[in-house]
Amino acid sequence: MKILCEVQVVNRTTQANRTPKAVKSTLAIGYKQSARDANGNTKKELEMVLFSGQAKTGCRYKVRDNINAVHTKFVLDGKVTIGFKQPAENLLIKCDPIQLKGFLQTLKLGMEGKDAINLRLNIAGATAIPQKAQPQVRMMISKRSEYPIKGFPRTLKSLTINNSQLVKLSFEICSLRNLVKLDVSGNKLTKIPPELGRLPLESLNLGSNCLGEVNDWCWMRGSKLSQSLCELDLSSNGLTHFPAPLVKFERLVFLNLNYNELIRLPFAMRRLKALRKLHLSSNKLESLPSAIEDLHIDQLDVWGNRFKAFNAEAAQQLAQQPAATMTPQPLWLQASRAVANFKLPLSPGSLPAILIELISEAPKCLCGKLCYALRPEDLLQRVVQPKFTNIKNLTYSREHQIYADVVICGPTCSATQQLKSLFSLMFS
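Everything quoted here is computed from the prediction, not taken from an experiment.

Rules and cut-offs
Residues numbered from 1 in each chain as written. Predicted model: local features only at pLDDT ≥ 70, side-chain atom pairs only at ≥ 80, totals over all residues. Heavy atoms only, no water. Helix = DSSP H or I, 4+ residues; strand = E, 2+ residues; numbered from the N terminus. Contact = heavy atoms within 4.5 Å. Phe/Tyr/Trp six-rings, centres within 6.5 Å; stacked < 30°, edge-to-face > 60°. Buried < 20%, exposed > 50% of the residue type's maximum accessible area, 1.4 Å probe, protein only. Pairing = 2+ DSSP bridges. Axes fitted to C-alpha atoms, helices over the stretch in contact; angles between N-to-C directions. Parallel < 35°, antiparallel > 145°, perpendicular 65-115°, else oblique. Left-handed = near helix turned anticlockwise from the far one by under 90°. Nonpolar A, V, L, I, M, F, W, Y, C, P; charged D, E, K, R; others polar. Core = buried A, V, L, I, M, F, W, Y, C linked by side-chain atoms within 4.5 Å. Salt bridge = Lys/Arg side-chain N within 4 Å of Asp/Glu carboxyl O.

## Details of the side chain of Ser290
Then, in step 1: Relative to the helices and strands, Ser290 is located in the loop between β15 (288–289) and β16 (297–301).
Then, in step 2: Look past the residues within four positions of Ser290 in its chain and what remains in contact with it is Phe267, Lys364, Ala404, Asp405 and Val406.

## What about the packing of aromatic side chains?
Aromatic ring pairs are reported here in terms of the distance separating the ring centres and the angle at which the planes meet.
Then, in step 1: All chains considered together, the criterion is met by 4 aromatic pairs.
Then, in step 2: Considering the side-chain rings of Trp217 and Trp219, the 6.2 Å spacing of their centres and the 55° angle between planes classify their relative orientation as tilted.
Then, in step 3: Owing to a relative accessible area of 1%, Trp219 belongs among the buried residues under this scheme.

## Observations concerning the sheet that holds β15
Picture the strands of a sheet paired through backbone hydrogen bonds; they go either parallel or antiparallel.
Then, in step 1: What the 3 strands build is an open sheet, ordered β15-β19-β17; its pairing is mixed. Edge positions in the sheet fall to β15 and β17 (379–384), since each of these pairs with one other strand and no more.
Then, in step 2: With 2 bridges joining them, β15 and strand β19 (residues 404–407) adopt parallel strand pairing. Residue pairing for β19: Pro289 is matched across the bridge by Asp405.

## Examining the pairing of β16
Then, in step 1: Taken together, the 3 bridges between strand β14 (residues 277–279) and β16 define a ladder with parallel strand orientation. Within β16, the position partnered with Leu278 by the bridge is Leu300.
Then, in step 2: Pairing geometry for β16 and strand β18 (residues 391–395), over 4 bridges, is parallel. Looking across to β18, one finds that Ile297 is bridged to Ile391.

## Quick word on the packing of helix α5 (residues 331–341) against helix α6 (residues 353–361)
Then, in step 1: Where α5 contacts α6, the two axes come as close as 10 Å, and the packing angle between them is 65°. When the interaxial angle is binned, α5 and α6 end up roughly perpendicular. Relative to α6, the crossing made by α5 is right-handed. Contacts between α5 and α6 involve Trp332, Ala335, Ser336 and Val339 on the former and, on the latter, Leu355, Leu358 and Ile359.
Then, in step 2: Each residue belonging to the contact of α5 with α6 can be placed in one class, and the counts come to 6 nonpolar, 1 polar and no charged.

## Examining the nonpolar core
Then, in step 1: Formed by 56 residues in total, the largest nonpolar core has its most connected members in Leu159, Leu182 and Leu196.
Then, in step 2: Mapped onto this core, the elements with two or more residues apiece are β8 (138–141), β9 (158–161), α2 (171–174) and β16.
Then, in step 3: Setting aside chain neighbours within four positions, we find Leu182 in contact with Leu159, Leu169, Ile173, Leu196, Leu201, Ser203, Leu204 and Asn205.
Then, in step 4: One finds Ile3, Val9, Met48 and Ile82 within the second-largest nonpolar core, a separate group that totals 29 residues.

## What to know about the sheet that holds β16
Then, in step 1: Read across the open sheet, the 9 strands follow the order β8-β9-β10-β11-β12-β13-β14-β16-β18; overall the sheet is parallel. With partners counted over all chains shown, the strands left at the sheet margins are β8 and β18, one partner each. Along the sheet, successive strands turn relative to each other by an average axial angle of 5°, direction set aside.
Then, in step 2: With 4 bridges joining them, β8 and β9 adopt parallel strand pairing. Note on β9: the bridge partner recorded for Met139 is Leu159.

## Description of the pairing of β9
Then, in step 1: Burial along β9 is two-sided: Ser158 and Thr160 and Leu159 and Ile161, pointing in opposite directions, are all buried.
Then, in step 2: Pairing of β9 with strand β10 (residues 181–183), which is carried by 3 bridges, proceeds in the parallel orientation. Bridging from a neighbouring strand, Leu159 pairs with Leu182 of β10.

## Quick word on the pattern of salt bridges
Then, in step 1: For the structure on display, the rule yields 11 salt bridges.
Then, in step 2: Between Arg264 and Asp405 there is a salt bridge; the shortest N-O distance is 3.7 Å. In this pair, Arg264 is assigned in the loop between β13 (254–256) and β14 and Asp405 in strand β19, connecting sequence segments 141 residues apart.
Then, in step 3: The shortest N-O distance in the salt bridge between Glu361 and Arg271 comes to 2.7 Å. Of this pair, Glu361 sits in helix α6 while Arg271 sits in the loop between β13 and β14, placing them 90 residues apart in sequence.
Then, in step 4: Connected through salt bridges with shared partners, the residues Lys248, Glu250, Arg271, Glu357 and Glu361 form a single ionic network.

Take it as geometry only, folks, not as evidence of what the structure does.
Structure representation (structure tokens):
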């Protein structure tokens, strides 16, 4: 097995660096066939060879019973140190983490005397990998015949599979730990495996698939994906509901939900503080949540929706609603409002996780307090006009006036009293 890496050689006896800094190198490991013994058997010796600009013919190290230590504390960062007894040198290796893990696994198998396909290299005839032979980081596939026979390179950072009649995302794709951009648009995917949530993707394009048929969003609960994803395209998927776990993607900057069948958006959208571009054209939206005012969006596209008119019935019900008597509030509601009012830090170590979720995703009343719509009448649909104060560019059909849904604290809320007075004048 051979890998491209950067290596610095340190002599432990003199504490001198054979190389002043890490240099581009090739590290190879394999068996050396020695001469036959008296019984005619060939003895195999496991060796490691380091090729660099300073050692073009290769510096050889015996492996069996000759390794002093292997330090793997920072292997996830692509760094490892291998110390040899003779010569008394340490190899400070920096490499792609995936390749480095494979190399260490091969080294372990060799030291245990086990045979492996990666150890079949004839180390005696090994040569350096040409410096121009860089690891493949991008791959584009437009038809099934272009699938790699030997599997996807572990070094891929960008993978595109378009219009290939793909019906299932393979586990192999979900195990490409270096992948940051995945485009599988224009296929026939109905479900995404949960393993995808373990990848630190920054851009994910799932447009023009069939994810709305199953509505399985378990993969969105992956901790790495929710913390890394910045761009997501779910356009043309037949979605009838906004994916609930999506509101936790707080690094999301771009979200495309065009050409679906969405009717409403959740109030918990206010959690998407980083969102700058939101595309919702050609859906079936009847209104927008008042939480849209909490977002600072550069571009909001709601063209081609079915926005309904002012909900006079709901407004009239509120105007005619008698004043309610004070009733005790649930303890969880009092706790969440206290945390919000005193602006306490939402730290997992100091607050229960369920309370953090409630505070982060709960809608706000027009009075500014957190509300949870404890009763059906606390949710008013299409009764206020959003001001779009924080929206820089708004694209919508001029023939439709946009109204927003609100959640109110109850009849005793100051904002509710103002709405009552306003609606009373409208219907008197």
